[in-house]
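# Structural overview
Here's the letter readout for the chains.
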Amino acid sequence: MTAGRSSAREAVALVADDFVPFPDPPPGGPGTGSCGHGASGADGPLGWPGYGAARERAARRTGESESVVCGTASVRGTRAVLIAFEFGFLGGSLGERTGDRLEAAYTYAREHRLPVVPLVATGGSRMQEGMLALTQLQRVARQSALTREAGLPQVAVLRDPTTGGGWATLGAGADVALALPDAQIGFAGSRVRPPGADPAAYTAAAQVAAGAADAVVPPAELADVLGLWLRLLTGGTPDVPCAPAPVPAALGRTELPRTGWEAVRRARAAGRPRAGAYLDAYFGGRRLAVSGDRCGGVDPEGMLCGFGVHEGRTVAYAAQTGAATRPAGYRTASRLIRLADRLGIPVLTLVDTPGAANDAEAERQGAGAAIAELFGVVATARTPLTTLVIGEGGSGGALALAAPGRTWATPDSYFSVIAPESATAILKRPAAEAGATAEQLRIRPQDLAELGVIRITRAP
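Residues numbered from 1 in each chain as written. Predicted model: local features only at pLDDT ≥ 70, side-chain atom pairs only at ≥ 80, totals over all residues. Heavy atoms only, no water.

Moving on to the overall build of the chain. Check the secondary structure of the chain and you find 17 helices and 16 strands. Taken over the C-alpha atoms alone, the chain extends approximately 85 × 45 × 40 Å along its principal axes. Pairs at least 24 apart in sequence give 73% of the contacts found in the chain among residues at least 6 apart. When the accessible area of the chain is evaluated, it comes to approximately 18,400 Å², of which 57% is carbon and sulfur surface. Taken as two groups, the 45 positive and 43 negative side-chain charges of the chain have centres that lie 2 Å from each other. (Helix = DSSP H or I, 4+ residues; strand = E, 2+ residues; numbered from the N terminus. Contact = heavy atoms within 4.5 Å. Areas by Shrake-Rupley, 256 points an atom, 1.4 Å probe, with all protein chains shown as cover. Lys, Arg positive; Asp, Glu negative; His and termini not counted. Charge placed at Lys NZ, Arg CZ, Asp CG, Glu CD.)

The structure is reproduced here in structure tokens:
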């Protein structure tokens, strides 16, 4: 299969070691609001002329009786429910019978505690069934929400094209969204966009850049990447208390700083180990990243988020990189912690920032609201959080990521209510007194330990 158009069965074969399709469910599941009209009349519930003949042609051409094929499969060793769209069947559009199949698939996943993998390729809702087709989106959204509440992950694969309601429910609503290269992805399909709309905005790369999808994955790598995602996200214990993530060992200098200003200089040193080095040492290369806040923003320079394997079990991570953290970074961390909390996966956070980005654009992007959201998510998380300060701990922009009562610091770090230079300016002192101010702020790791704010970790 190429990165372009593929059939439902080809998409399944690309990722699955085996596949057992579900039998076709009866029309209109109980309590769904569906009246089973999809099977009545040759031309459907609206009596759309030629609709029945179009369905017959689609069935002959594709070998399928509907626009989705659902069943169970093993993806690199993890059992999952697959939902594969057949774009060749009326553009992979959603009708009532599509809704029946989707509901049955999600119900089976919950009953058997299996993750759900939508392999999406759709043009949207089926116009020949009118509003009865459009309301299937509510039905699908409810099934997805029930599956989310049950603590089961959903990992979507975005094929070409992924548009309309299928993108706005099964695709964008998944916990993790992986896109195939060159896939057309967007709420608006190619024939209904505004005149002159930039086609580059409706691509897989654009959706990743906008924070709406997590990664572009080549077809040859998809089975391995999807399989690892399923292993990572099914590695928790929903509704069962889990042990906290172990504290990473310090990678930098081991001796404690003599003065507050020395602590600041060491934390800002160019050669000090940063988040990437800590994550590589902690996970040994077995980690995958989530990207984006699902609100149109990413912060790849300021925040790294994802899941990895440490000592045989899944640990989620949100790590500042030493740069000022932007609003999208805080929102991505909130997204990560909420997901880990729902799946029963412990979280490791690494604090390293001079503070939150405070430029005009950050204010327009809602810096205060993003930080407030993260404070709330950390405060209410049921899964245990473990924090290690590995560099600069700059005020509330750093504290928002810190776990109350479970925060450690390395010997080459500091944590402060405000940067010494800023405090010096506020106090109307000469700039040369920043070192003395740092001493008064008591920001060294040993000072913070004495104050009961942190504990100190060292190299093994």
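On to the pattern of salt bridges, then. A complete count under the given rule lists 32 salt bridges for this structure. A salt bridge links arginine 76 to aspartate 17; the nearest nitrogen and oxygen atoms lie 3.3 Å apart. In this pair, arginine 76 sits in the loop between strand 2 (68-75) and strand 3 (78-85) while aspartate 17 sits in the loop between helix 1 (8-15) and strand 1 (18-21), placing the two residues 59 residues apart along the sequence. Overall, arginine 76 belongs to the partly exposed group, its relative accessible area being 37%. Two residues, arginine 139 and aspartate 100, come together in a salt bridge whose shortest N-O distance is 2.6 Å. With arginine 139 in helix 5 (residues 136-149) and aspartate 100 in helix 3 (residues 96-112), this residue pair connects regions lying 39 residues apart in the sequence. Look at arginine 139 and you get buried, because its relative accessible area is 6%. The network of salt bridges with shared partners includes Asp24, Arg97, Asp100, Arg101, Glu103 and Arg139. (Salt bridge = Lys/Arg side-chain N within 4 Å of Asp/Glu carboxyl O. Buried < 20%, exposed > 50% of the residue type's maximum accessible area, 1.4 Å probe, protein only.)

With that out of the way, let us pick up the confidence of the model for the chain. Model confidence for the chain is summarised by a mean pLDDT of 93, while 96% of its residues fall at 70 or above. The low-confidence segment residues 30-39, where pLDDT is below 50, has 16 contacts with residues more than four positions distant or belonging to other chains. (pLDDT = per-residue confidence, 0-100.)

Enumeration over the complete set of coordinates arrives at 4 aromatic pairs. Residues tryptophan 229 and phenylalanine 307 carry aromatic rings whose centres are separated by 6.1 Å and whose planes lie at 75° to one another, so their mutual orientation is edge-to-face. Residue tryptophan 229 is found in helix 8 (residues 219-233), and its partner phenylalanine 307 is found in strand 10 (residues 303-310); the two are separated by 78 residues along the sequence. The two residues tryptophan 229 and phenylalanine 307 agree in class, both being buried. Centre to centre, the rings of phenylalanine 283 and tyrosine 317 are 5.5 Å apart; their planes meet at 45°, and the pair counts as tilted. Of this pair, phenylalanine 283 sits in helix 10 (residues 275-283) while tyrosine 317 sits in strand 11 (residues 313-320), and the two are 34 residues apart along the sequence. An identical accessibility class is assigned to phenylalanine 283 and tyrosine 317; each is buried. By the ring-pair criterion, three or more aromatic residues cluster together here, those being Tyr282, Phe283 and Tyr317. Sitting over the ring of tyrosine 202, arginine 193 keeps its end group 3.8 Å from the ring centre. (Phe/Tyr/Trp six-rings, centres within 6.5 Å; stacked < 30°, edge-to-face > 60°. Lys NZ or Arg CZ within 6 Å of the ring centre and 35° of its normal.)

This next bit is on the side chain of arginine 101. Within the element layout of this structure, arginine 101 appears in helix 3. Under the relative-accessibility criterion, arginine 101 is labelled buried at 12%. Among the polar contacts listed, one links the side chain of arginine 101 to the side chain of aspartate 24, at a separation of 3.1 Å. Once you skip the residues sitting within four places of it in the chain, arginine 101 turns out to touch Asp24, Pro25, Ser65, Glu66, Val68 and Cys70. (Polar contact = N/O pair within 3.5 Å; in protein donor to acceptor, adjacent residues only side chain to side chain.)

Turning our eyes to something else, we now look at helix 9 (residues 260-268). Those residues of helix 9 that sit buried are Gly260, Glu262, Ala263, Val264, Arg266 and Ala267. The secondary structure elements touched by the buried residues of helix 9 are strand 13 (385-394), strand 15 (414-416), helix 15 (420-426) and helix 16 (434-441).

Residues Leu46, Trp48 and Met127 make up a contiguous nonpolar surface patch of roughly 330 Å² in combined accessible area. With respect to the secondary-structure elements, leucine 46 resides in the loop between strand 1 and helix 2 (51-62). Since its relative accessible area comes to 47%, leucine 46 is described here as partly exposed. (Patch = residues over 30% accessible without salt bridge, like charges linked within 9 Å, V, L, I, M, F, W, Y side chains within 5 Å.)

On to helix 13 (residues 367-380), then. End to end, helix 13 covers 20 Å across 14 residues, agreeing with the expected 20 Å (1.5 Å per residue, within 8%). The secondary structure elements touched by the buried residues of helix 13 are helix 11 (327-343), helix 12 (360-364), strand 13 and helix 14 (395-399). (Expected span 1.5 Å × (residues − 1).)

Further remarks concern the side chain of threonine 383. With respect to the helices and strands, the residue threonine 383 is situated in the loop between helix 13 and strand 13. There is a polar contact of 2.8 Å between the side chain of threonine 383 and the backbone oxygen of isoleucine 345.

This paragraph deals with the environment of glutamine 128. Among the secondary structure elements, glutamine 128 is positioned in the loop between strand 4 (116-122) and helix 4 (130-134). With a relative accessible area of 15%, glutamine 128 lands in the buried category. Those residues in contact with glutamine 128 that sit more than four places away from it in its chain are Leu46, Trp48 and Tyr51.

The next subject is the pairing of strand 4. Burial analysis of strand 4 places 7 of its 7 residues in the buried class, which makes it a mostly covered element. Burial along strand 4 is two-sided: Val116, Pro118, Val120 and Thr122 facing one way and Val117, Leu119 and Ala121 facing the other are all buried. The sheet contact formed by strand 3 and strand 4 spans 4 bridges and is parallel. Looking at the pairing, leucine 82 lines up with valine 117 of strand 4. Each parallel crossover has a hand, and the one from strand 3 via helix 3 to strand 4 is right-handed. Relative to strand 5 (residues 155-163), strand 4 runs parallel, the two being bridged by 3 bridges. From the neighbouring strand, threonine 122 faces strand 5, where its bridge partner is threonine 162. (Pairing = 2+ DSSP bridges. Right-handed = clockwise from strand over helix to strand, strands pointing away.)

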